[in-house]
Amino acid sequence: MPSASLATLRALWLRVVAELGAAEIIERYIEAADSHVDGLCEGGKITVAPMHQTVDTVIHELLHRMYPERSERSIRRTTSLLRRAITDDEVQQFYDEYNRRKTITRTPLKADL
């Protein structure tokens, strides 16, 4: 859908939202031999492993905290290099520690970008 119109995309969005209401979705760790798997759809059931994207984001923001003088491009590159260097077990441990330490706030934070 490279040149889809806004109307086409909005119609697709409504279908995706309806499918969300109909789908069985399971959140769980997904093991894969040589890659990071964020999700699978098998037999109509969707399994989502939220930790990979969450771990990427947390690593990225921690690097910003550690190295505020570095550029966004440099932080992205370092995040990518780190993610390729750590094991699935380390991702799981990091994600578990993140979940122990995080605070959930329902009030949106307005980003001034």
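As shown above, the structure is provided for reference.
No experiment lies behind these values; they were computed from the predicted model shown.

Definitions and limits used
Residue positions are given per chain, counting from 1 as you read along its sequence in written order. Since the coordinates come from a predicted model, pLDDT governs what is reported: local features require at least 70, and pairs of side-chain atoms require 80 or more to be given and counted, while whole-chain, interface and lining totals use all residues. Hydrogens and waters are ignored; side-chain quantities use all the structure's heavy atoms. Helix and strand assignments come from DSSP, with helices taken as H or I runs of at least 4 residues and strands as E runs of at least 2, each series counted from the N terminus. A simple rule labels every residue: compare its accessible area, found with a 1.4 Å probe on the protein chains alone, to the largest value its type can have, and call it buried under 20%, exposed over 50%, or partly exposed in between. Polar contacts here mean pairs of N or O atoms no more than 3.5 Å apart (in protein, one a potential hydrogen donor and the other a potential acceptor; neighbouring residues in sequence count only if both atoms are side-chain atoms). The span you would expect from a helix comes to 1.5 Å times its residue count less one. Of all possible arcs, the one meant is that of the directions from the helix axis to the C-beta atoms. A contact between two residues is defined here by any heavy atoms of the two lying within 4.5 Å. Nine residue types can take part in a nonpolar core, namely buried Ala, Val, Leu, Ile, Met, Phe, Trp, Tyr and Cys, and a core is a set of them joined through side-chain atoms within 4.5 Å.

A. Layout of the environment of R101. In this structure, R101 sits in helix 4 (residues 88–101). The exposure class of R101 is exposed, given its relative accessible area of 64%. Each C-alpha atom, one on R101 and one on H36, is 24 Å from the other, the two residues being 65 residues apart in sequence.

B. Up close: the side chain of H52. Looking at the secondary structure, you find H52 in helix 2 (residues 51–66). Judged by its relative accessible area of 2%, H52 is buried. There is a polar contact of 2.9 Å between the side chain of H52 and the side chain of R83.

C. The arrangement of helix 4 in detail. Here helix 4 contains 14 residues, and its C-alpha end-to-end distance of 20 Å stays within 8% of the 20 Å for a straight helix at 1.5 Å per residue. Looking only at helix 4, the buried set comprises D88, V91 and Y95. Looking straight down helix 4, one finds that the buried residues subtend no more than 55 degrees of arc, so they occupy a single side. Those residues of helix 4 that are exposed and angled more than 90 degrees off the buried face are D89, Q93, R100 and R101. Among the structural elements, strand 1 (24–27), helix 2 and helix 3 (72–85) are those in contact with the buried residues of helix 4.

D. Spotlight on the nonpolar core. Formed by I30, V37, A49, M51, V55, I59, L63, I75, V91 and Y95, the largest nonpolar core amounts to 10 residues. Mapped onto this core, the elements with two or more residues apiece are helix 2 and helix 4. Per-element tally for this core: the top contributor is helix 2, with 4 residues. Setting aside chain neighbours within four positions, we find Y95 in contact with E27, P50, M51, T54 and V55.

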